[in-house]
Amino acid sequence: MKNSDNISEGKGNSRALHPFMAMVNKEISDYIRSWRFMILLLLVFLTCLGSVSVAISNIDEAVKANATGDSFIFLRLFTASDGTLPSFFVFISFLGPLLGLIMGFDAINAEENRGTLSRILSQPVHRDYVLNSKFTAAIIVLSVMMFSLGFLVTGTGLIAIGIPPTADEFLRIVFFILISILYISFWLNLSIFFSVKFRQPATSALAGIAVWLFLTVFYSILVSLIAKAAEPSANASAGQVMAYQEFVMNLFRVLPGQLFSDATTTVLVPTVRTLGPLTVEKIYGTIPGSLPLGQSLLIVWPQLTGLVAATVICFVLSYISFMKREVRSR
Amino acid sequence: MEGPVIELTDLTKKYGSFTAVGNLSLSVDKGEIFGLLGPNGAGKSTTILMMLGLTEPTSGTLRVCGINPTTNPVEVKRKVGYLPEDVGFYEDYTGFENLMYTARLNSIPPREARERVMHLLERVGLSGEESKKAGKYSRGMRQRLGLADVLVKEPEVIILDEPTLGIDPRGVNEFLALIKRLSREEKNTVLLSSHHLHQIQTVCDRVGIFVGGHLIAVGDIDTLSRELFPHEPMVIKAGVSLDDIYNRYFEGYEKQR
């Protein structure tokens with residue numbers, strides 16, 4: 001019954017927690033006890049189980065396909081698929097936004113509608129604690145979830161295929177999980193922003209889903225229309241074609257989803273050497289092989305910076321509109 | 001630190017062209033129960049929000065316990081307890097847990113908090129109900145839980161915004177008696193806003209009458225009636241109010257049981 005105050009009592013009875021930590025504590029326990037989180041967890045768990053089992057059943061083909069030996073077999077667990085079910089990292093790029101949106105869409109407006117926001121804000125806490133504690137708690141919960149999922153896949157793979165991952169592979173998996181958390185936190189911040197802006201949780205959830213649909217479905221249609229219009233003629237110079245390719249790619253790179261999939265493919269597939277167009281001259285003379293982790297990360301550095309920037313922009317927007325707001329009771 | 005606990009000087013709050021509060025000057029002394037009386041939308045709640053730093057004044061200055069709430073809201077909120085008009089609790093937490101959370105936000109050590117919360121629940125008449133979910137509380141119980149919630153931090157100043165809204169007449173009397181008793185025992189300063197003259201009359205030492213964002217008169221009830229209606233003869237009316245009938249009926253009913 002009184003499990004919420006067990007959290008703080010675990011650390012001795014005499015010292016009080018910092019109010020911010022008390023708020024984060026409460027938010028975490030609220031998330032974990034909510035039905036919404038259970039359902040999400042189940043959903044994510046099942047899809048990942050599915051994609052991993054597909055990957056495991058296909059991994060022998062992957063091994064046969066590149067018999068050179070140096071290929072990163074373990075990482076194939078995260079990328080292999082036979083076409084019936086998408087691979088693990090595609091699943092994450094699909095479910096990640098959903099996770100972030102669902103965790104944050106009612107963060108602020110639900111408190112406002114219940115009348116608890118004005119009560120909390122009349123306690124001696126800074127106003128941004130409310131926003132920050134919501135964000136921190138959600139990120140902690142999501143990180144724990146993503147890391148356990150990632151390691152669960154690693155462990156299952158280890159048992160199933162019997163080949164331990166190398167240190168390099170393990171680090172790549174860790175970076176993949178970190179990038180996923182970053183990607184999810186972008187969506188989380190976007191939905192927290194909507195929850196500050198809209199009074200009704202339903203509206204903010206809908207707004208979040210609308211943005212998600214626009215970015216995943218309609219934006220690419222829009223880009224292909226623009227691309228068709230801007231297509232250079234058949235006898236254009238190589239430079240023009242290159243410029244055109246760059247232009248279309250840059251249009252896609254506005255999408256956080258594109259940034260995420262660029263970043264994860266590069267990290268999980270060490271043979272990816274560049275994300276831009278390649279000319280024959282560039283490939284000519286290169287020795288086929290894989291990149292070390294540091295170089296892979298260097299390739300996706302702009303993508304990571306872009307994701308961080310998008311996340312920070314959403315956070316700043318919600319911060320500004322929340323701090324300026326007048327908080328009335330219901 | 002003697003002198004007024006709450007001091008407002010030329011306070012103005014505008015929403016666009018609408019003036020919610022205009023040139024308000026007011027001071028409340030320590031230990032006083034001050035009533036803000038006025039119709040709905042007179043700017044009472046806005047004034048209270050400004051005192052807590054929950055909204056910024058357009059012009060003018062405020063001092064609560066000698067601190068400026070606009071620039072230093074956290075310090076003010078350490079000393080001021082505020083019961084909003086329609087107080088909300090986390091409905092899937094018990095009454096006890098809700099108060100414990102407030103205690104934690106006030107950095108009260110757990111053991112002390114537990115004792116204090118149990119004591120307060122007893123004082124507001126909710127002992128025995130503490131392990132019930134706050135969502136299952138009735139309106140009157142929620143309001144009493146709200147009062148306990150305000151008292152958890154042991155405030156110097158208590159601000160109550162329409163605390164009796166939606167409680168039955170008997171509950172109102174109990175609630176007001178509770179406020180009066182608490183303020184006398186703890187020497188707290190209480191600011192109470194209401195649109196019921198009767199309620200203000202029974203508990204407040206001084207009253208400020210608020211209409212259309214302006215304070216039109218301040219003083220104790222006797223002075224006010226003399227000031228506002230100097231030429232009217234004293235009229236004594238005898239009668240039975242509905243409240244009395246209600247109270248009598250229910251007391252009789254309870255005795256029968």
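Before reading on, note that the structure itself is shown above.
About the thresholds
- Residues numbered from 1 in each chain as written.
- Chains lettered and ligands numbered in written order.
- Predicted model: local features only at pLDDT ≥ 70, side-chain atom pairs only at ≥ 80, totals over all residues.
- Heavy atoms only, no water.
- Contact = heavy atoms within 4.5 Å.
- Buried area = accessible area lost by both parts, 1.4 Å probe.
- Salt bridge = Lys/Arg side-chain N within 4 Å of Asp/Glu carboxyl O.
- Polar contact = N/O pair within 3.5 Å; in protein donor to acceptor, adjacent residues only side chain to side chain.
- Helix = DSSP H or I, 4+ residues; strand = E, 2+ residues; numbered from the N terminus.
- Nonpolar A, V, L, I, M, F, W, Y, C, P; charged D, E, K, R; others polar.
- Pairing = 2+ DSSP bridges.
- Axes fitted to C-alpha atoms, helices over the stretch in contact; angles between N-to-C directions.
- Buried < 20%, exposed > 50% of the residue type's maximum accessible area, 1.4 Å probe, protein only.

A.B. asks: Give me the lowdown on the interface of chain A and chain B, citing residues and values where you can.
C.D. replies: Opposite the 39 residues of chain A that make contact, chain B presents 40 residues. When the two sides are added together, the surface that chain A and chain B hide from each other amounts to roughly 3,700 Å², 53% of it contributed by carbon and sulfur. One can count 1 salt bridge joining chain A with chain B. Counting across the chain A and chain B interface gives 14 residue pairs in polar contact (both at pLDDT 80 or more). Listing elements by their share of the side of chain A that touches chain B, those giving two or more residues are helix H1 (3-9), helix H2 (19-33), helix H6 (109-114) and helix H7 (116-121) of chain A. With 7 residues, H2(A) is the single largest residue contributor to the side of chain A that touches chain B. For the side of chain A that touches chain B, the class distribution of residues is 11 nonpolar, 13 polar and 15 charged.

A.B. asks: How would you explain the sheet that holds strand E1 (residues 6-15) of chain B if you had to name every residue and give the values?
C.D. replies: Residues and elements named next belong to chain B. With antiparallel pairing, the 3 strands of this open sheet are ordered in space as E2-E1-E4. Each edge of the open sheet is held by one strand with a lone partner, namely strand E2 (18-28) and strand E4 (59-64). Neighbouring strand axes in the sheet, compared pairwise and without regard to direction, differ in orientation by 20 degrees on average. Where E1 and E2 come together, 7 bridges link them in antiparallel fashion. Paired with Leu 8 across the bridge in E2 is Leu 26.

A.B. asks: Describe the pattern of salt bridges, with residues and values.
C.D. replies: Residue and element names in this part refer to chain B. Considering all chains together, one arrives at 21 salt bridges over all chains under this definition. A salt bridge links Arg 78 to Glu 75, with the shortest nitrogen-to-oxygen separation between them at 3.4 Å. In this pair, Arg 78 and Glu 75 both sit in helix H2 (residues 73-79), 3 residues apart, roughly one turn of the helix. Overall, the relative accessible area of 41% leaves Arg 78 in the partly exposed class. For Glu 75, a relative accessible area of 30% translates into the label partly exposed.

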